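# Structural characterization, general
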Amino acid sequence: MSFNITVQPSGRAFTANPDETLLAAGLRQGIGLPYGCKDGACGSCKCKKISGDVTHGTHQDKALSAEEEANGFVLTCCASAHSDVVLESRQVTEEGAFPIKKMPVRVISLEKKSHDVMVVQLQLPANDVMKFHAGQYVDFLLRDGDRRSYSMANAPHTLVAGSPAIELHIRHMPGGKFTDHVFGAMKEKEIQRIEGPQGSFYLREDSDKPLVFLASGTGFAPIKAMLEHMQHKAITRPVTLYWGGRRPSDLYLNDWVQAQLALMPNLRYVPVISDALPEDAWSGRTGFVHQAVLQDTPDLSGYQVYACGAPIVVDSARSAYTAAGLPSDEFYADSFTSAADKAAT
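Residues numbered from 1 in each chain as written. Predicted model: local features only at pLDDT ≥ 70, side-chain atom pairs only at ≥ 80, totals over all residues. Heavy atoms only, no water.

Taking strand neighbours across the sheet as the criterion, the 5 strands line up as β2-β1-β7-β3-β5 in an open arrangement whose pairing is mixed. Each edge of the sheet is formed by a strand with only one pairing partner; in this case those strands are β2 (12-16) and β5 (73-75). Within this sheet the neighbouring strands show an average axis-to-axis angle of 35°, counted without direction. (Pairing = 2+ DSSP bridges. Helix = DSSP H or I, 4+ residues; strand = E, 2+ residues; numbered from the N terminus. Axes fitted to C-alpha atoms, helices over the stretch in contact; angles between N-to-C directions.)

Another point: the sheet that holds strand β12 (residues 165-171). Backbone hydrogen bonds are what pair the strands of a sheet, in a parallel or an antiparallel way. Taking strand neighbours across the sheet as the criterion, the 6 strands line up as β11-β10-β13-β8-β9-β12 in an open arrangement whose pairing is antiparallel. Every other strand in the sheet has two partners, leaving β11 (147-151) and β12 as the edge strands with one partner each. Adjacent strand axes in the sheet meet at a mean angle of 40° when their direction is disregarded. With 3 bridges joining them, strand β10 (residues 137-141) and strand β13 (residues 191-198) adopt antiparallel strand pairing. Within the sheet, the bridge partner assigned to F140 lies in β13 and is I194. Its contacts with the sheet place helix α4 (residues 220-232) against β11 and β12, and it is angled at close to 150° to β12. (Contact = heavy atoms within 4.5 Å.)

Looking along the chain, the bond that leaves Q8 and enters P9 is cis, with omega of 5°. Within the fold, P9 resides in the loop between β1 (3-8) and β2. Of the consecutive residues G196 and P197, the connecting peptide bond is found in the cis state with omega at 0°. Assignment of secondary structure puts P197 in strand β13. In this structure, A234 takes a positive phi of about 55° despite not being glycine. Here A234 is to be found in the loop between α4 and β15 (239-245).

Without other data, these values stay purely geometric and don't point to any function.
Written out as structure tokens, the structure is:
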């Protein structure tokens, strides 16, 4: 038996079996529901249940609290239907999701940009190009069945015919099964397997609202892809990039951003450092990056925000910006939940 799932206000509908999650069922049928980690850790897929019965699998309280669940909210990544269900999710895309594919990739370059950030270029199969939105991510499929997720840091138009490559920014997590390999044994020409594109973090082009891009650490990767896409498509909406790190070296592509300022008159850049040392000679903005946005723009009611990085930054921004007038459906986020974060579910 399958159940009918309807998403309002778009009116898009799909069917779901009792043994699959609502998110998996939607993606299987090309319905672009919002999501991030798919493990009940980040809360990106949270939406309102208007009617119907669902049960939730294991998830973190910070992604969906007992109070939120009692008030009718669901996490589609770990909720299964037991009846026909009507959901409210304004972030459903009308155009349908790009197909998610598994494919081999070849490591073509490894470039260390700071003591703990590696820029990795992966060559895609020349005869099997992956279509994606700037800002989406891919999963590495590890031999033991585990997955590791990384955002693509280049826009789709940069994939040249014959030798398409995607760029990833990988932060070293000491002791991390995958990142220890990236920073240790990984070599050029190595073959990996990926699956993508994944996620619903990409620029909504049907709006003319001014943009705030908020990045912490390697959360800059999908933001870089969006900036490349805006430049390519001549999108001139005002955009302010706030990029935060503990020390200046964490802004590992600061020179790249500075170069874009000359190419994009609509772009403003605010780097923010939280723990500068005297030897850094930092004279710019200090403190928490999400708070710098509110210092500059106390009223966010007319804006659209894209936030990416550590869960604490994304979660803090979500609550603070909603209080500052930002409509909840104008906050788009990709929370970089680590394997340790997901293990806490």
